[in-house]
Amino acid sequence: MGLFTRQDKERITAAIAQAERKTSGEIRVHIDRRGEADPLRRAAEVFTQLGMDRTKARNGVLFYLAMAERQFVILGDEGINAQVPEGFWTGIRDTVLARFKAGLFVEGLVEGIGLAGEALAVYFPYQWDDTDELSNEVSLH
Ligand code: CA
Ligand code: CA
């Protein structure tokens, strides 16, 4: 599977940087290519491993993709969960999954990141003193 070239990763990183110019929320993408026993549990593990539970406003959000299982999880931190309505990620997740179904993985992620940035900006607008709390690089295993 020739997925996720350097150029692909750069596109995703650029999409994250662009989204984070609208919101103080911090978006990360992690992709597991090998098999994972429990993708949901693994997403939570990755969230902690990447230090995503240590942002100031607890507003990190992880896009987790398990290639082998064809599982996609959007995991937001507790600061987000405390503010947004239930089902906040559902529409974004459906959009991304529709792209994945068509084999458009990079496009799906880029689009989803853009939508997440806009959605988060409502609750967590960009702050003038913003810092990049979490790396925008794709995390890949
Ligand atoms: Ca930031
Ligand atoms: Ca960031």
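Above this text sits the structure in question.
To keep things clear, this report deals only with the structure shown in the data block.

Calculation notes
- Residues numbered from 1 in each chain as written.
- Chains lettered and ligands numbered in written order.
- Predicted model: local features only at pLDDT ≥ 70, side-chain atom pairs only at ≥ 80, totals over all residues.
- Heavy atoms only, no water.
- Buried < 20%, exposed > 50% of the residue type's maximum accessible area, 1.4 Å probe, protein only.
- Helix = DSSP H or I, 4+ residues; strand = E, 2+ residues; numbered from the N terminus.
- Pairing = 2+ DSSP bridges.
- Right-handed = clockwise from strand over helix to strand, strands pointing away.
- Axes fitted to C-alpha atoms, helices over the stretch in contact; angles between N-to-C directions.
- Parallel < 35°, antiparallel > 145°, perpendicular 65-115°, else oblique.
- Left-handed = near helix turned anticlockwise from the far one by under 90°.
- Contact = heavy atoms within 4.5 Å.
- Nonpolar A, V, L, I, M, F, W, Y, C, P; charged D, E, K, R; others polar.
- Core = buried A, V, L, I, M, F, W, Y, C linked by side-chain atoms within 4.5 Å.
- Donors = N, O, S within 2.8 Å, 3.2 Å for Na, K, Ca; no water.

Some words on the pairing of strand β1 (residues 26-32)
Moving on, step 1. With respect to burial, β1 is a largely interior element, seven of its seven residues being buried.
Moving on, step 2. Taking every second residue as pointing to the same face, both faces of β1 are buried, with Glu26, Arg28, His30 and Asp32 on one and Ile27, Val29 and Ile31 on the other.
Moving on, step 3. Here seven bridges tie β1 to strand β2 (residues 60-66), and the two strands are oriented parallel to one another. Residue His30 lies in a different strand from β2, and its bridge partner there is Tyr64.
Moving on, step 4. What joins β1 to β2 is helix α2 (residues 39-49), and the crossover it makes is right-handed.

Comments concerning the packing of helix α4 (residues 90-101) against helix α5 (residues 105-123)
Moving on, step 1. At their nearest, the axes of α4 and α5 sit 8 Å apart, and the two run at 165 degrees to each other. Taken together, the axis directions place α4 and α5 in an arrangement best described as roughly antiparallel. Note that α4 runs across α5; the crossing there is right-handed. Of the residues in α5, those in contact with Ile92, Thr95, Val96, Arg99 and Phe100 of α4 are Phe105, Gly108, Leu109, Glu111, Gly112, Leu115, Ala116 and Ala119.
Moving on, step 2. Counted by class, the contact of α4 with α5 contains eight nonpolar, three polar and two charged residues.

A look at the nonpolar core
Moving on, step 1. Counting residues in hydrophobic clusters, the biggest one holds 30 residues, and the most contacted among them are Phe63 and Leu109.
Moving on, step 2. When near neighbours in sequence (up to four residues on either side) are disregarded, Leu109 contacts Phe4, Ile12, Val29, Ile31, Phe63, Leu65, Phe72 and Phe100.
Moving on, step 3. Within the second largest apolar cluster, nine residues are counted, among which are Phe47, Met52, Tyr64 and Val73.

A closer look at the coordination of the calcium ion (ligand 1)
Moving on, step 1. The protein atoms that coordinate the calcium ion (ligand 1) are Glu26 (OE), Asp130 (OD), Asp130 (OD) and Thr131 (O), at distances of 2.1 to 2.8 Å.
Moving on, step 2. All donors to the calcium ion (ligand 1) come from one chain, and their sequence spacing reads E-x103-D-T.
Moving on, step 3. Here the calcium ion (ligand 1) and the calcium ion (ligand 2) are spaced 5.4 Å apart, linked through Glu26, which binds each one. Highlighted residues: Glu26 in strand β1 and Asp130 in the loop between α5 and β4 (139-140), separated in sequence by 104 residues.

Function-wise, these values are silent; they only describe arrangement.
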